[in-house]
Amino acid sequence: SSPAAARLDLDGNPVAPLTICMIGAGGFIGSHLCEKLMAETAHVVLAVDVYCDKIRHLVDPAPPHLAGRISFHRLNIKNDSRLEGLIKMADLTINLAAICTPADYNTRPLDTIYSNFIDALPVVKYCSENNKRLIHFSTCEVYGKTIGSFLPKDHPLRKEPEFYVLKEDESPCIFGPIMKQRWSYACAKQLIERLVFAEGAENGLEFTIVRPFNWIGPRMDFIPGVDGPSEGVPRVLACFSNNLLRREPLKLVDGGQSQRTFVYIKDAIEAVVLMIENPARANGHIFNVGNPNNEVTVRELAQLMTEVYANVSGEAPLDEPMIDMSSSQFYGEGYDDSDKRIPDMTIINKQLGWNPKTPLKDLLETTLTYQHKTYKEAVKRQMSQASAS
Ligand code: NAD
Ligand code: UDP
């Protein structure tokens, strides 16, 4: 029997196979979502992106058992008239496309704002006009800084959850001043969330907004000089992986005191599949998706990654595995940071019964094993070529 026949939603009803227009399907999250949908469901995916390296195994060409299930559409949603046709052909659109690496927010603020707001507008409009459901990817950064971050460093109220736990329907969005261009991304995401929400309120758009809290795992971003630009600065998992692969110290920005909660990509993808298959429970909601049990400071993350990498690679850690660096040295002017990100899980738990599973140590073991296997030889080759030239 087909996987569709076996699938039931959370209320025990059979799930009909959907056609899904997935924009940004070639990225980190998109590649995992495509894999999951192909392996476990009968849904059809129209995969839209400007590149497909991370889903090549699914689309170039599609393996025989996936014939008719997934197709790749190479297009830039900024300027391609085929977009509306694809949205019309689908039952559901999932928009993942974005510039979403912090190194770009202060150095390419215009591209960041256009990508996260302007370029998403037609997607929302076509969904609304054609009565198509939309799952839009926003970010935990829309919360900005915590309320507690404005209290003196040792103030006892900083320990009270209401001063730091981030709730979809209660917490305010707190950004820094305009010259701190870091917040260009958060602000653009906030405005597109408000627009999607307003389309729901005024025009009946069926929508779900996802706020990922540091989803990490294999295929995230790129290793500079190997499968991305030498001077590129990816997100922290890939930065630290790159340092470990090259046997250079991990760089701690502004002391590495910021706190993050990391969730394993495969746990998070299960939440997205629940949203896809339970529209009555997911429509009209904004969902935090993260793992509140996996909190570390960036310094602790660096320590843990150093230990785990030594185990999986068999290479002894450096004598000085970390170095401190100011944010203006590392990111340039206009950088600023989110201090702490604990997602409240009440809403997603109540609506979809979802909980994250994988502890940080386990997900780092899996991920760094993948990084070592995938990149170690390529990094060695690239380093010896660079030193020869
Ligand atoms: P990613 O950069 O790996 O994926 C984004 C994809 O969108 C890329 O493949 C890119 O080529 C594509 N894209 C961008 N602009 C496009 C355009 N104009 N036309 C066609 N394709 C375009 O990032 P990701 O981590 O997979 O993130 C996906 C979404 O989730 C983004 O909206 C991001 O803001 C959000 N998000 C992710 C995280 C996380 O933890 N990974 C955290 C917060 C928010
Ligand atoms: N960071 C760091 N060293 C690096 C890369 C990032 O100290 O090489 C810090 C960064 O300043 C931030 C945290 O790690 O405090 C997470 O950064 P990331 O780029 O993953 O994205 P964010 O969670 O800020 O959206």
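Scroll up a little and you will see the structure.
Since this is a predicted model, take the numbers as computed values, not measurements.

Some thoughts on the layout of surface pockets
When its volume is computed, the second largest pocket comes out at roughly 300 Å³. In this structure, the second largest pocket is lined by 14 residues; those nearest its centre are Pro224, Gly232, Val233, Asn242 and Lys251. In terms of residue count, helix 9 (residues 236-245) provides more of the lining of the second largest pocket than any other element does, four residues in total. The class makeup of the residues in the lining of the second largest pocket is seven nonpolar, four polar and three charged.

Topic: the sheet that holds strand 5 (residues 133-137)
With parallel pairing, seven strands are arranged side by side in an open sheet as 3-2-1-4-5-7-12. Each edge of the open sheet carries a strand with a single partner, namely strand 3 (70-74) and strand 12 (285-289). Adjacent strand axes in the sheet meet at a mean angle of 15°, parallel and antiparallel pairs treated alike. Across five bridges, strand 1 (residues 19-23) lies against strand 2 (residues 44-49) in parallel orientation. Residue pairing for strand 2: methionine 22 is matched across the bridge by alanine 47. The sheet strands contacting helix 4 (residues 82-89) are strand 1, strand 2, strand 3 and strand 4 (92-95), and the helix crosses strand 1 at an angle near 145°.

Some points on the pairing of strand 1
Counting buried positions over the five residues of strand 1 gives five, a clear majority of the element. Side chains Thr19, Cys21 and Ile23 project from strand 1 onto one buried face, and the interleaved Ile20 and Met22 project onto a second face that is buried too. Tracing the backbone out of strand 1, into helix 2 (residues 28-40) and back to the parallel element strand 2 gives a crossover that is right-handed. As paired strands, strand 1 and strand 4 are joined by four bridges and run parallel to one another. Across the sheet, methionine 22 pairs through a bridge with isoleucine 94, a residue of strand 4.

Considering the nonpolar core
If you look at the biggest cluster of nonpolar residues, it comprises 75 residues, and the most contacted ones within it are Ile94, Trp215, Met275, Ile276, Val289 and Leu364. In this structure, methionine 275 is in contact with Arg133, Ile135, Thr208, Val210, Ala282, Phe287, Val289, Ile348 and Leu352, ignoring residues within four places of it in sequence. Of all hydrophobic cores here, the second largest spans 24 residues; its members include Ile23, Ile77, Phe117 and Ala188.

Things to note about the packing of aromatic side chains
Across all of its chains, the model carries seven aromatic pairs by this definition. Taking 6.1 Å as the distance between ring centres and 45° as the angle between the ring planes, the aromatic pair formed by tyrosine 143 and phenylalanine 213 counts as tilted. Placement of the pair is tyrosine 143 in the loop between strand 5 and strand 6 (165-166) and phenylalanine 213 in the loop between strand 7 (207-212) and strand 8 (215-216), with a sequence separation of 70 residues. Residue tyrosine 143 is classed as buried on the basis of its relative accessible area, which comes to 1%. The exposure class assigned to phenylalanine 213 is buried, which follows from its relative accessible area of 0%. Every member of this aromatic cluster is reached through a ring pair, and the members are Phe330, Tyr331 and Tyr335. The ring of tryptophan 183 carries the charged tip of arginine 182 above its face, separated from the ring centre by 5.7 Å. Positioned over the ring face of tyrosine 143 is arginine 211, at 4.8 Å from the centre of the ring.

Let's talk about empty space enclosed by the protein
Tallied over the entire structure, the rule returns one cavity of 30 Å³ or more. Looking at the largest cavity, its volume works out to about 120 Å³. Along the wall of the largest cavity there are 13 residues; nearest its centre are Leu244, Arg247, Ala316, Pro317 and Leu318. Taken together, the elements giving at least two residues each to the lining of the largest cavity come down to helix 9 and helix 12 (298-313). Sort the elements by how many residues they give to the lining of the largest cavity and helix 12 lands first, with three residues. Tallied by class, residues from the lining of the largest cavity come to eight nonpolar, two polar and three charged.

Comments concerning the site of ligand 1
The local shell around ligand 1 holds 24 residues, among which Phe28, Asp49, Asn76, Tyr185 and Trp215 are the closest. Measuring from an oxygen atom of ligand 1, one finds a backbone N or O atom of tryptophan 215 at 2.8 Å. One of the side-chain N or O atoms of arginine 235 is found 2.9 Å from an oxygen atom in ligand 1. Relative to its free-state accessible area of 820 Å², ligand 1 is covered by the protein chains to the extent of 89%. Looking at the shell around ligand 1, the elements with two or more residues in it are helix 2 and helix 8 (184-203).

So, helix 8
Helix length check: helix 8 (20 residues) gives 28 Å between terminal C-alpha atoms against 28 Å at 1.5 Å per residue, within 8%. Summarising the contacts, the buried residues of helix 8 are in contact with helix 5 (102-107), helix 6 (109-116), helix 7 (121-129), strand 5, strand 7 and strand 12.

Thresholds, definitions, all that
- Residues numbered from 1 in each chain as written.
- Chains lettered and ligands numbered in written order.
- Predicted model: local features only at pLDDT ≥ 70, side-chain atom pairs only at ≥ 80, totals over all residues.
- Heavy atoms only, no water.
- 1 Å grid on protein atoms, 1.4 Å probe; cavity = no way out; pocket = protein on both sides within 12 Å on 5 of 7 lines; lining within 4 Å.
- Points joined across faces, edges and corners; volume = space filled by probe spheres on them.
- Helix = DSSP H or I, 4+ residues; strand = E, 2+ residues; numbered from the N terminus.
- Nonpolar A, V, L, I, M, F, W, Y, C, P; charged D, E, K, R; others polar.
- Pairing = 2+ DSSP bridges.
- Axes fitted to C-alpha atoms, helices over the stretch in contact; angles between N-to-C directions.
- Contact = heavy atoms within 4.5 Å.
- Buried < 20%, exposed > 50% of the residue type's maximum accessible area, 1.4 Å probe, protein only.
- Right-handed = clockwise from strand over helix to strand, strands pointing away.
- Core = buried A, V, L, I, M, F, W, Y, C linked by side-chain atoms within 4.5 Å.
- Phe/Tyr/Trp six-rings, centres within 6.5 Å; stacked < 30°, edge-to-face > 60°.
- Lys NZ or Arg CZ within 6 Å of the ring centre and 35° of its normal.
- Near = heavy atom within 4 Å.
- Polar contact = N/O pair within 3.5 Å; in protein donor to acceptor, adjacent residues only side chain to side chain.
- Areas by Shrake-Rupley, 256 points an atom, 1.4 Å probe, with all protein chains shown as cover.
- Expected span 1.5 Å × (residues − 1).

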